[in-house]
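Fold and contact review
Listed here are the chains, written in short residue letters.
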Amino acid sequence: MTGPGERLTAVAGRLREACERAGRPADGVALIAVSKFHPAEAVLDALATGHRCFGESRVQEAQAKWPALRERCPDAELHLIGSLQTNKAAAAVGIFDVIHSVDRPRLAAGLAAAMERTGRRPRCLIQVDTGAEEQKGGVAPAALAALVKECRDVCELPLTGLMCIPPAGEDPVPHFRLLRSLAAEHGLAELSMGMSADFGTAVAEGATMVRVGSAVFGPRPRPGA
Ligand SMILES: *Cc1c(COP(=O)(O)O)cnc(C)c1O
């Protein structure tokens, strides 16, 4: 039976091929293995391959799972890819190395305050709602410029890029292209886009980070997110 480690190695191979096809250096795209809803044992299997970059969608789940994993692998890099409540900003700053879901000024301010207090400065990406889907979070493209300015000038966050989640069942390409052009417009280098079903396409469209869950860890034990 294949486990997460073997599947991760296969996905990493597909990612290298996608980079090659796109004429991009293979180390130009980070593979975030999304372990949400999967137990620590599955993560350990992936860690055993030497992979160090992981994503979780919930602060509480990461707090329950990752302190012990980090003890075994202090060089693991943990990404928050799910939406973040302002009252969990401090906890998120405490445990994550990269936060992909900044989408409103109040959250940016909460993150800035937590960074000030702790001295920890996880890289921040703004999630853009390229699909105009209210429930998924993300800032509307029309409101992005103001939020970028707020993050940079008022909150002084380490803002490095943009993230999007195209609506399921839609062609993701227009969403990836919109995200890329918005990032270029604002001088942001990191593009977090592409999941299990479309990471090759995302690489062709300029992704610098892909977030791959089910192709590595299998179907999630719990439905949703
Ligand atoms: C769950 C999740 C992923 C991974 O999705 P898969 O289709 O399982 O690869 C990527 N990004 C976000 C924001 C997620 O919530």
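If you're wondering where the values come from, they're calculated on a predicted model, not measured in any experiment. (Residues numbered from 1 in each chain as written. Predicted model: local features only at pLDDT ≥ 70, side-chain atom pairs only at ≥ 80, totals over all residues. Heavy atoms only, no water.)

**Notes on the packing of helix α2 (residues 40–47) against helix α3 (residues 59–72)**
Two quantities define a packed helix pair, namely the angle between the axes and the distance from one axis to the other. Where α2 contacts α3, the axes come no closer than 11 Å and their chain directions differ by 30 degrees. By the angle between their directions, the pair α2 and α3 is classed as roughly parallel. Note that α2 runs across α3; the crossing there is right-handed. In contact with A40, V43, L44 and L47 of α2, α3 contributes K65, W66, L69 and R72. Broken down by class, the residue content of the contact of α2 with α3 amounts to six nonpolar, no polar and two charged. (Axes fitted to C-alpha atoms, helices over the stretch in contact; angles between N-to-C directions. Helix = DSSP H or I, 4+ residues; strand = E, 2+ residues; numbered from the N terminus. Parallel < 35°, antiparallel > 145°, perpendicular 65-115°, else oblique. Left-handed = near helix turned anticlockwise from the far one by under 90°. Contact = heavy atoms within 4.5 Å. Nonpolar A, V, L, I, M, F, W, Y, C, P; charged D, E, K, R; others polar.)

**A look at the environment of T86**
Secondary-structure assignment places T86 in the loop between β3 (77–80) and α4 (89–95). Separated by 23 residues in the primary sequence, T86 and A109 have C-alpha atoms spaced 8.8 Å apart. Excluding anything up to four places from it in sequence, T86 contacts R104, R106 and L107.

**Let's talk about α2**
Each turn of an α-helix holds 3.6 residues, which means side chains three or four residues apart point in the same direction. When α2 is considered as a whole, its buried residues turn out to be A42, V43, A46 and L47. Taken around the axis of α2, the buried residues stretch over an arc of 140 degrees, which confines them to a single face. The inward-facing, buried residues of α2 abut α1 (4–21), β2 (53–56), α3 and α9 (214–217). (Buried < 20%, exposed > 50% of the residue type's maximum accessible area, 1.4 Å probe, protein only. Arc of directions from axis to C-beta.)

**Quick word on the UniProt feature "modified residue: N6-(pyridoxal phosphate)lysine" (unreviewed entry) in the protein chain**
Here, UniProt's "modified residue: N6-(pyridoxal phosphate)lysine" (unreviewed entry) annotation points to K36. As for its placement among the helices and strands, K36 is situated in the loop between β1 (30–34) and α2. Classification of K36 by relative accessible area gives buried; the value is 10%. (UniProt positions renumbered as here; feature names shortened; annotations may be inferred.)

**A look at the pairing of strand β8 (residues 209–212)**
Side chains M209 and R211 project from β8 onto one buried face, and the interleaved V210 and V212 project onto a second face that is buried too. Sheet topology places β1 next to β8; four bridges connect them, and they run parallel. Its bridge partner being in β8, A30 is matched across the sheet by M209. (Pairing = 2+ DSSP bridges.)

**Some details on the side chain of H38**
Tracing the sequence through the fold places H38 in the loop between β1 and α2. Looking at H38, the relative accessible area reads 7%, which means it is buried. Discounting residues that sit within four places of it in the chain, H38 has contacts with E61, K65, F217, G218, P219, R220 and P221.

**Let's talk about the site of the ligand**
Contacts to the ligand come from eleven residues, most closely from K36, S196, R211, G213 and S214. Here an oxygen atom of the ligand and a backbone polar atom of S214 are 2.8 Å apart. Across the complex, the protein chains shield 90% of the 390 Å² of accessible surface that the ligand would expose by itself. A per-class count over the shell around the ligand returns five nonpolar, three polar and three charged. (Near = heavy atom within 4 Å. Polar contact = N/O pair within 3.5 Å; in protein donor to acceptor, adjacent residues only side chain to side chain. Areas by Shrake-Rupley, 256 points an atom, 1.4 Å probe, with all protein chains shown as cover.)

**Things to note about the nonpolar core**
Among the nonpolar cores identified, the biggest contains 63 residues, and L111 and I126 are the most heavily contacted of them. No other element matches helix α5 (residues 105–118), which puts six residues into this core. Beyond its immediate sequence surroundings of up to four residues, L111 is in contact with L84, A89, V93, I99, V102 and L157. The next biggest cluster of nonpolar side chains, apart from the first, holds eight residues, and it includes V34, I81, V98 and M209. (Core = buried A, V, L, I, M, F, W, Y, C linked by side-chain atoms within 4.5 Å.)

**Side note on the pattern of salt bridges**
Under the counting rule described, the total for this entry stands at ten salt bridges. Notably, a salt bridge pairs E61 with K65, separated by 2.9 Å at the nearest N-O pair. Taken together, the residues span about one helical turn, with E61 and K65 both in helix α3 at a distance of four residues. Linking R123 and E190 is a salt bridge whose minimum nitrogen-to-oxygen distance equals 3.0 Å. A residue pair is termed long-range when its members are at least 10 positions apart, and R123 in strand β5 (residues 123–127) and E190 in strand β7 (residues 190–192) qualify at 67 residues. (Salt bridge = Lys/Arg side-chain N within 4 Å of Asp/Glu carboxyl O.)

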